[in-house]
Amino acid sequence: MQRLFLFKPIWCYNCKTMQLQEKLIVERVKELVEPIIKSMGYKLFDVEFKPEKGWVLRIILDKEGGITIGDCEEVSKRVSALLDVEDIIPVSYLLEVSSPGLTRELTKPSHFEFFVGRLVRLVLREAIEGKRELKGYIEGIKENILHIRERETEKEYHIPLSLIAKANLEPERW
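Let me sum up the structure you'll find in this document.

Next up on the list: the overall build of the chain. Counting secondary structure elements, the chain contains three helices and eight strands. Moving toward the C terminus, one meets the helices and strands of the chain in the order α-β-β-α-β-α-β-β-β-β-β. Looking at the 174 residues of the chain, the share that counts as buried comes to 41%. Within the chain, contacts between residues at least 6 apart in sequence are counted, and of these 54% link residues at least 24 apart. Carbon and sulfur atoms provide 52% of the accessible area of the chain, an area that totals close to 10,500 Å².

Here it is, written out as structure tokens:
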């Protein structure tokens, strides 16, 4: 069993040491919980560990058809027990298990892959053909280039992920 050795906590939210600790904790939590979450039929969408009103460890799940409160409760019980045994987080924290929501933010290539065919709203760091904002359907992603078909014009765009400032799913209108 591999243990994560953390630095002694330094309570400085802007300090590089604490930022490094947060990243190490997030990576180790992902390693520990992803197999359990997969075995339960869910996808690990993201893990966050950050100071809010105290420390919060947020585990965000997804699956085809969406996540229910019961799903979150079931995963929370299993993950909480595992994290208690592993004891990798050197501070007290609140564990939250949730879904990413209808207008979830897409930040990683795997997020775009998971939602191929879905409508997305993009805000770009710089304009492409005079547009800084696009709404379209995700056609795919290859080598960190997002392929999107604009909803209004059906025109295809190939956008480097580095050019995307913000990406959110858009609910379809009925």
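In this section: unusual backbone geometry. One non-glycine residue with positive phi stands out, namely glutamate 129, at about 50°. Structurally, glutamate 129 is set in the loop between strand S4 (119-128) and strand S5 (131-142). Overall, glutamate 129 belongs to the exposed group, its relative accessible area being 53%. A positive phi angle, close to 60°, is found at asparagine 144, a residue other than glycine. One can find asparagine 144 in the loop between S5 and strand S6 (145-150).

Take the sheet that holds S6 next. With respect to topology, five strands assemble into an open sheet ordered S7-S6-S5-S4-S8, the strand pairing being antiparallel. Every other strand in the sheet has two partners, leaving strand S7 (156-160) and strand S8 (164-169) as the edge strands with one partner each. Across the sheet, the mean angle separating the axes of adjacent strands is 40° when strand polarity is ignored.

A few words on the nonpolar core. Among the nonpolar cores identified, the biggest contains 27 residues, and Val29, Val33 and Ile59 are the most heavily contacted of them. Of all elements in the fold, only helix H1 (16-39), strand S1 (43-52), strand S2 (54-62), helix H2 (69-86) and strand S3 (93-98) reach the threshold of two or more residues within this core. Considering every element that reaches this core, the biggest residue donor is H1, with seven residues. Counting residues in each nonpolar core, the second largest holds 21 residues, with Phe112, Ile138, Ile159 and Leu163 among its members.

The three strands are arranged S1-S2-S3 in an open sheet whose pairing can be described as mixed. Sheet topology places S1 and S3 at the edges, where each strand pairs with a single neighbour. Adjacent strand axes in the sheet meet at a mean angle of 15°, parallel and antiparallel pairs treated alike.

This brings us to the pattern of salt bridges. All chains considered together, the criterion is met by 18 salt bridges. Note that glutamate 150 is salt-bridged to lysine 131, the shortest N-O span being 2.6 Å. Of this pair, glutamate 150 sits in strand S6 while lysine 131 sits in strand S5, and the two are 19 residues apart along the sequence. By relative accessible area, glutamate 150 is classed as buried at 8%. Its relative accessible area of 26% is what places lysine 131 among the partly exposed residues. For lysine 135, the salt bridge is made with glutamate 170, and the minimal N-O distance between the two is 3.4 Å. In this pair, lysine 135 sits in strand S5 while glutamate 170 sits in the segment after S8, placing the two residues 35 residues apart along the sequence. Owing to a relative accessible area of 17%, glutamate 170 belongs among the buried residues under this scheme. Shared partners join several salt bridges into a network, and the residues in it are Glu48, Lys50, Glu52, Arg58 and Glu96.

For the rest of this paragraph, the subject is H2. Here H2 spans 25 Å end to end across 18 residues, near enough to the 26 Å set by a 1.5 Å rise per residue. The complete set of buried residues in H2 reads Asp71, Cys72, Val75, Val79, Leu82, Leu83 and Glu86. Looking straight down H2, one finds its buried side chains confined to an arc of 105°; they lie on one side. Turned more than 90 degrees away from the buried face of H2, the exposed residues are Ile69, Lys77, Asp84 and Val85. Positive phi appears at aspartate 87, one or two residues downstream of H2, with a value of about 50°.

Criteria and thresholds
Residues numbered from 1 in each chain as written. Predicted model: local features only at pLDDT ≥ 70, side-chain atom pairs only at ≥ 80, totals over all residues. Heavy atoms only, no water. Helix = DSSP H or I, 4+ residues; strand = E, 2+ residues; numbered from the N terminus. Buried < 20%, exposed > 50% of the residue type's maximum accessible area, 1.4 Å probe, protein only. Contact = heavy atoms within 4.5 Å. Areas by Shrake-Rupley, 256 points an atom, 1.4 Å probe, with all protein chains shown as cover. Pairing = 2+ DSSP bridges. Axes fitted to C-alpha atoms, helices over the stretch in contact; angles between N-to-C directions. Core = buried A, V, L, I, M, F, W, Y, C linked by side-chain atoms within 4.5 Å. Salt bridge = Lys/Arg side-chain N within 4 Å of Asp/Glu carboxyl O. Expected span 1.5 Å × (residues − 1). Arc of directions from axis to C-beta.

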